[in-house]
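This is what each chain is made of:
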Amino acid sequence: MRSSRVLAAAAAGLATVTAAATATVTATTALVSPTLTSPGLAQPAAAVLGQQSFVAAAIRRAGPAVVTIDTERTVQSAATGGLPRGLLNDPLFRQFFGIPQQGAPSRRTERGQGSGVILQADGLVLTNAHVVDQIDRVTVGLENGQRVEGRVVGLDKLTDLAVVRLVGAGPWPVAPLGNSDALQVGDWAIAVGNPFGLDNTVTLGIISSLNRNASKLGITDKRLDLIQTDAAINPGNSGGPLLNADGEVVGINTLVRSGPGAGLGFAIPINRARSIVNQLVATGRATHPMIGVGLDEVRAPGGQGSGRGAVVVSVQPNGPADRGGLRTGDVIVAAQGAAVKDPSQVITAVERAGVGGTLNLTVNRQGATLNLRLVPGDMAVLRQG
């Protein structure tokens, strides 16, 4: 009898809680089970909310412009094949087995695959530089099954971006571009591409972080502030678009973290990509501003970064920083009027100033505050000098 009373009381309590939160519960369950009906409605919830999600609408808008990029390149290698040198010196042995003359390289075709997205109706495709770097042939596959030859217009290894132009008559489907500067952490993120050769694969997640500096990921040969997402990005997704909830391209998928922290993907903001695309189309190369300094975090007494500014550890002779009065040991505490937390923020300020632009820095030099004005130069020219 005691157990029956307890169960009855629990059921009554549950009914009270359910009644108090009817709106919340029904809204949630309607999404889970399309066959449930909402209170006061004779129609199934699916008829009210719609059977297709915003993801399906986004893919209908951008999906036709997402392409597969198949690449081929010829690789030369030594023709020994691990055989003993004595056999290779025997001309009859080489002739019988079809082995080239000793020292003559053998050739093989290496194939790769990535993703891309069409930006213009005349056939301009954006992808990653590492997808089309040092390749001999590009073939682009569209969602409708059409396959078209592509020609690499230009690539920029520093930002891992490349432009390919479709060879053939258009117009081609185009993906709408969004504004990556308007993204917020927690926004929906939709990754589209061809992971592991599986065409037109869609994954859903959120924007996990913004302005994630590539150097903090152990990538020292790139200059990138990346969008971080938990939408699954796998090999073959490289160069494909990261979409927002409206189906607009807000990023170009470029890498995924493996090992510890696996499951985090990263994309190049589309606003950054736009400027690189314009340069590649116009000149075949991209310029990158540089002031000619080496930077490090400001170290606290315990040896850890204090999170306040960026200390100058080296200055290139006769470079923009040297000409602007920056000295080794200076601590940059502000750039363009905004407080600097770490070296990555100085690099971002240099990028935004651009080649030939104006970069205003506030510097702490042995307790004294100085305001300096620098003019960034082209990285390629400064490195040659």
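If you're wondering where the values come from, they're calculated on a predicted model, not measured in any experiment. (Residues numbered from 1 in each chain as written. Predicted model: local features only at pLDDT ≥ 70, side-chain atom pairs only at ≥ 80, totals over all residues. Heavy atoms only, no water.)

Here we take up the environment of Q228. Of note, Q228 is situated in strand β9 (residues 225–229). Between the C-alpha atoms of Q228 and I268, which are 40 residues apart in sequence, the distance is 9.2 Å. With near-sequence residues (within four places) excluded, Q228 lies in contact with I206, I207, S208, S209, R212, L264, G265 and F266. (Helix = DSSP H or I, 4+ residues; strand = E, 2+ residues; numbered from the N terminus. Contact = heavy atoms within 4.5 Å.)

Considering all chains together, one arrives at 11 salt bridges under this definition. For D133, the salt bridge is made with K157, and the minimal N-O distance between the two is 3.5 Å. You can see D133 sitting in the loop between α7 (129–132) and β4 (137–141) and its partner K157 sitting in the loop between β5 (147–156) and β6 (161–166), a full 24 residues away along the chain. A residue is classified by how much of its surface remains accessible, and K157, at 45% relative accessible area, is partly exposed. Close ionic contact of R272 with E351 constitutes a salt bridge, the shortest N to O distance being 3.0 Å. With a gap of 79 residues between them, R272 in helix α8 (residues 270–283) and E351 in helix α10 (residues 343–353) connect regions that are remote in the sequence. On the basis of relative accessibility, which here comes to 22%, the residue R272 falls in the partly exposed class. The buried category is assigned to E351, whose relative accessible area is 16%. (Salt bridge = Lys/Arg side-chain N within 4 Å of Asp/Glu carboxyl O. Buried < 20%, exposed > 50% of the residue type's maximum accessible area, 1.4 Å probe, protein only.)

The next thing to look at is the sheet that holds strand β8 (residues 201–213). The strand order around the closed barrel formed by 6 strands is β7-β8-β9-β12-β11-β10, and the pairing between neighbours is antiparallel. The mean inter-strand angle of the sheet, taken between neighbouring strand axes irrespective of direction, is 45°. The pairing of strand β10 (residues 241–243) with strand β11 (residues 249–256) spans 3 bridges and is classified as antiparallel. Pairing of P241 across the sheet is with I252, part of β11. Most of the contacts of helix α4 (residues 54–62) go to strand β7 (residues 188–193), to which it runs at about 45°, and overall it touches β7, β8 and β10. Where α8 meets the sheet, its contacts fall on β11 and β12 (265–269), and the angle it forms with β12 comes to roughly 50°. (Pairing = 2+ DSSP bridges. Axes fitted to C-alpha atoms, helices over the stretch in contact; angles between N-to-C directions.)

In this section: the side chain of D378. Structurally, D378 is set in strand β20 (residues 377–378). The residues touching D378, leaving out its near neighbours within four places in the chain, are R285, T287, H288 and V355.

A word on the nonpolar core. Ranked by internal contacts, the top residues of the largest apolar core, which has 44 residues, are V117 and L126. In contact with V117, other than residues within four places in its own chain, are A65, V66, V67, L124, V125, L126, A175, G239, P241, V249 and I252. (Core = buried A, V, L, I, M, F, W, Y, C linked by side-chain atoms within 4.5 Å.)

Once that is clear, we can look at the pairing of β6. By the criterion of burial, β6 is predominantly enclosed, with 5 of the 6 residues buried. Pairing of strand β3 (residues 124–127) with β6 involves 4 bridges; the strand directions are antiparallel. Looking at the pairing, L124 lines up with R165 of β6.

Now for the pairing of β7. Along β7, 5 of the 6 residues are buried, which leaves the element largely enclosed by surrounding structure. Across 6 bridges, β7 lies against β8 in antiparallel orientation. Each residue of the ladder has a partner; that of I190, found in β8, is L204.

What follows covers the environment of S314. With respect to the helices and strands, the residue S314 is situated in strand β15 (residues 305–315). Remark: the alpha-carbon pair of S314 and G292, spanning 22 residues in sequence, is separated by 8.3 Å. Filtering out sequence-adjacent residues up to four positions away, S314 remains in contact with G292, V293, G294 and T328.

The element α10 is extensively covered by neighbouring structure, given that 8 of its 11 residues are classed as buried. Those residues of α10 lying buried are P343, S344, V346, T348, A349, V350, E351 and A353. Among the residues trailing α10, G354 stands out with phi positive, at a value near 80°.

This part covers α4. Considered for burial, the residues of α4 that qualify are V55, A58, I59 and A62. Burial along α4 is one-sided: seen end-on, the buried residues are contained in an arc of 100°. (Arc of directions from axis to C-beta.)

As a further point, take unusual backbone geometry. Phi at Q134 takes a positive value of approximately 55°, unusual for a residue other than glycine. Its location among the elements puts Q134 in the loop between α7 and β4. What makes Q134 exposed here is its relative accessible area of 56%. Of note, Q366 is a non-glycine position whose phi angle comes to about 50°, a positive value. Within the secondary structure, Q366 is located in the loop between β18 (359–365) and β19 (368–374).

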